[in-house]
Amino acid sequence: MPENPPAGTPRISPYLLYEDATAAVAWLSRAFGFVSDARTTMRDGEGHVRHAELRYQEGVVMLGHPGPDYRSPRSTGHSTVNVYVYVDDVDAHYRQAVEAGATVVEEPTDTPYGDRRYGAEDPEGHRWYFATHVRDAPGA
């Protein structure tokens, strides 16, 4: 019997929808350091991304284009999801994201629960929080 899920795949992975999944793959890779692991393209003759899987260390984010009726958080004016990602050096990650044009929604700050984190929006308005655990919180 095959392993479920396949080896190296987390049991829970966010699946985000993008009006322009092709641009999202390129931007998320450049700004946040994701690596494109798999992708399928639409049958439009243009090679636009229909589904993609992006890795960050052992984590996977899936994304795709749901069709012409979908509207991103940016186009609706509402954030619909927050994705929280642990990185090795949150301050270096922050600088990389800013250099790539990320919209910062929260500057790097130390939280009461022991993470140093910052928040950013991607070009379509999905919210991302990146953190490094810097200390154990009292009572944790």
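For clarity, every value in this text was computed on a predicted model and none was experimentally measured. (Residues numbered from 1 in each chain as written. Predicted model: local features only at pLDDT ≥ 70, side-chain atom pairs only at ≥ 80, totals over all residues. Heavy atoms only, no water.)

Moving on: the overall build of the chain. The secondary structure content of the chain amounts to three helices and eight strands. Of the regular secondary structure in the chain, the N- to C-terminal order runs β-α-β-β-β-α-β-α-β-β-β. Taken along the three principal axes of its C-alpha coordinates, the chain extends 55 × 45 × 25 Å. Counting over 140 residues, the chain shows a buried share of 38%. A sequence separation of at least 24 residues applies to 56% of the contacts in the chain between residues at least 6 apart. A total of about 8200 Å² of accessible surface is found on the chain, and carbon and sulfur atoms cover 51% of it. Separation between the mean location of the 13 positive side-chain charges and that of the 21 negative ones in the chain comes to 2 Å. (Helix = DSSP H or I, 4+ residues; strand = E, 2+ residues; numbered from the N terminus. Buried < 20%, exposed > 50% of the residue type's maximum accessible area, 1.4 Å probe, protein only. Contact = heavy atoms within 4.5 Å. Areas by Shrake-Rupley, 256 points an atom, 1.4 Å probe, with all protein chains shown as cover. Lys, Arg positive; Asp, Glu negative; His and termini not counted. Charge placed at Lys NZ, Arg CZ, Asp CG, Glu CD.)

With that out of the way, let us pick up the packing of aromatic side chains. In total, this model carries nine aromatic pairs according to the counting rule given. Ring geometry for phenylalanine 34 and tyrosine 56: centres 6.0 Å apart, planes at 70°, overall edge-to-face. Of this pair, phenylalanine 34 sits in the loop between helix 1 (21–32) and strand 2 (35–41) while tyrosine 56 sits in strand 3 (residues 49–56), placing them 22 residues apart in sequence. Judged by its relative accessible area of 17%, tyrosine 56 falls in the buried class. With a centroid separation of 5.5 Å and 25° between ring planes, the pair formed by tyrosine 118 and phenylalanine 130 is classed as stacked. Highlighted residues: tyrosine 118 in strand 7 (residues 115–121) and phenylalanine 130 in strand 8 (residues 127–133), separated in sequence by 12 residues. For the pair tyrosine 118 and phenylalanine 130, a shared accessibility class is recorded, and that class is buried. Cluster of aromatic residues (ring-pair linked, three or more members): Trp27, Phe32, Phe34, Tyr56, Tyr94, Tyr118, Trp128 and Phe130. (Phe/Tyr/Trp six-rings, centres within 6.5 Å; stacked < 30°, edge-to-face > 60°.)

Okay, the environment of glutamate 124 next. Within the secondary structure layout, glutamate 124 lies in the loop between strand 7 and strand 8. Classification of glutamate 124 as buried rests on a relative accessible area of 11%. Counting along the chain gives 103 residues from glutamate 124 to alanine 21, while the straight-line C-alpha distance between them is 9.9 Å. When residues no more than four places from it in sequence are discounted, the contact partners of glutamate 124 are Leu17, Tyr18, Glu19, Asp20, Ser72, Pro73 and Arg74.

Note that tyrosine 113 resides in the loop between strand 6 (103–110) and strand 7. Owing to a relative accessible area of 38%, tyrosine 113 belongs among the partly exposed residues under this scheme. For tyrosine 113 and aspartate 136, which are 23 residues apart along the polypeptide, the C-alpha to C-alpha distance reads 7.1 Å. What tyrosine 113 contacts, discounting residues up to four positions off in sequence, is Tyr84, His133, Arg135 and Ala137. Of the polar contacts made by the side chain of tyrosine 113, one reaches the side chain of arginine 117; its length is 2.8 Å. (Polar contact = N/O pair within 3.5 Å; in protein donor to acceptor, adjacent residues only side chain to side chain.)

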